[in-house]
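# What the coordinates show
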Amino acid sequence: MTNIAEQKAALRKELRKARRDHAAALPREVSALVFARPPAPVLDMVPEGATIGLYRADTGEAPAGGYIRFFHERGHPIALPRVTTLDAPMTFHTHTDPYEESDLIAGPLGLRQPAEDAPVVVPEVLFMPLVGFTADGDRLGQGGGFYDRWLAAHPDTTAIGMAWDIQRVDNLPVEDHDMPLKAIVTSTRIYGPF
């Protein structure tokens, strides 16, 4: 019997490929439209004026750029994650230029992120990427534990996953440190709130 870490690693490999293939197969016109703005039930989970945490999508991940611009235009403060090393906690910093991204720099994991001197903030609502999910709200992350550790330290934050439908699985191995989500948004539906 394989242990949970091995099960998760095998699932990550399989689901990352499915996610990458799915995203690559989408016509450019479709890619520009999906995740352009949050659906009304998701907006109901966002308090007026709340600081919104989002992410810059890596290859294959559900795109978050439309949500970043949408919430920015509505006057919400926007925060993006900043990672310095694999063992240091992730922090969120203000992101003020969602169109030109002039306030972002290259990060150590290959993604652009806020500069070190950008103000640290705590998002009240956090839209986060995932590798896999279940209809009950279980989430399989990238494996670094950044989001799980951050959510454990900020239990009042509303965590909402973003994914392609292809990333849904029937069940996932869940450990005590795996933090639950309030909802999951895909390009065709909403799971939750849980």
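Residues numbered from 1 in each chain as written. Predicted model: local features only at pLDDT ≥ 70, side-chain atom pairs only at ≥ 80, totals over all residues. Heavy atoms only, no water.

## Looking at the environment of Arg 69
For the record, the criterion: In this text, helices come from DSSP runs of H or I with a minimum length of four residues, and strands from runs of E with a minimum of two, each type numbered from the N-terminal end. Whether a residue is buried, partly exposed or exposed follows from its accessible area with a 1.4 Å probe, protein chains only, as a fraction of its type maximum: under 20%, in between, or over 50%, in that order. We call two residues in contact when some of their heavy atoms are within 4.5 Å.
Structurally, Arg 69 is set in helix H4 (residues 65-73). Note on Arg 69: relative accessible area 32%, which makes it partly exposed. Along the chain, Arg 69 and Pro 98 lie 29 residues apart, while their C-alpha atoms are 5.9 Å from each other. If we ignore the near neighbours within four places in the chain, the residues touching Arg 69 are Pro 98 and Tyr 99.

## Section: the sheet that holds strand S9 (residues 158-162)
Condition: Whether two strands pair comes down to DSSP finding at least two bridges between them. Throughout, an axis means a line fitted to C-alpha atoms (over the contacting stretch in the case of helices), and angles, computed between N-to-C directions, take values from 0 to 180 degrees.
Strand order in the open sheet formed by 7 strands is S3-S2-S1-S6-S9-S10-S11, with mixed pairing between adjacent strands. Each edge of the open sheet carries a strand with a single partner, namely strand S3 (91-94) and strand S11 (190-191). Summarising the sheet, strand S1 (residues 52-53) and strand S6 (residues 125-129) pair through 2 bridges and their orientation is parallel. Looking at the pairing, Ile 52 lines up with Val 125 of S6. Docked against the sheet, H4 engages S1, strand S2 (78-82), S6, S9 and strand S10 (183-185), running at close to 140° with respect to S2.

## Things to note about the nonpolar core
Put simply, the rule reads: By convention a nonpolar core is built from buried Ala, Val, Leu, Ile, Met, Phe, Trp, Tyr and Cys residues, the set being connected through side-chain atoms within 4.5 Å.
The biggest cluster of nonpolar side chains holds 43 residues, and the ones touching the most others in it are Ile 52, Leu 54, Phe 71 and Phe 127. Residues Leu 11, Leu 15, Val 131 and Leu 172 belong to the second largest nonpolar core, which totals 6 residues.

## Brief notes about the pairing of S6
If a strand is regular, its side chains alternate between the two faces of the sheet. Judged by how many residues are buried, S6 sits mostly within the fold: 5 of 5 residues are covered. Judged by which residues are buried, S6 turns out to be covered on both faces: Val 125, Phe 127 and Pro 129 on one side and Leu 126 and Met 128 on the other are all buried.

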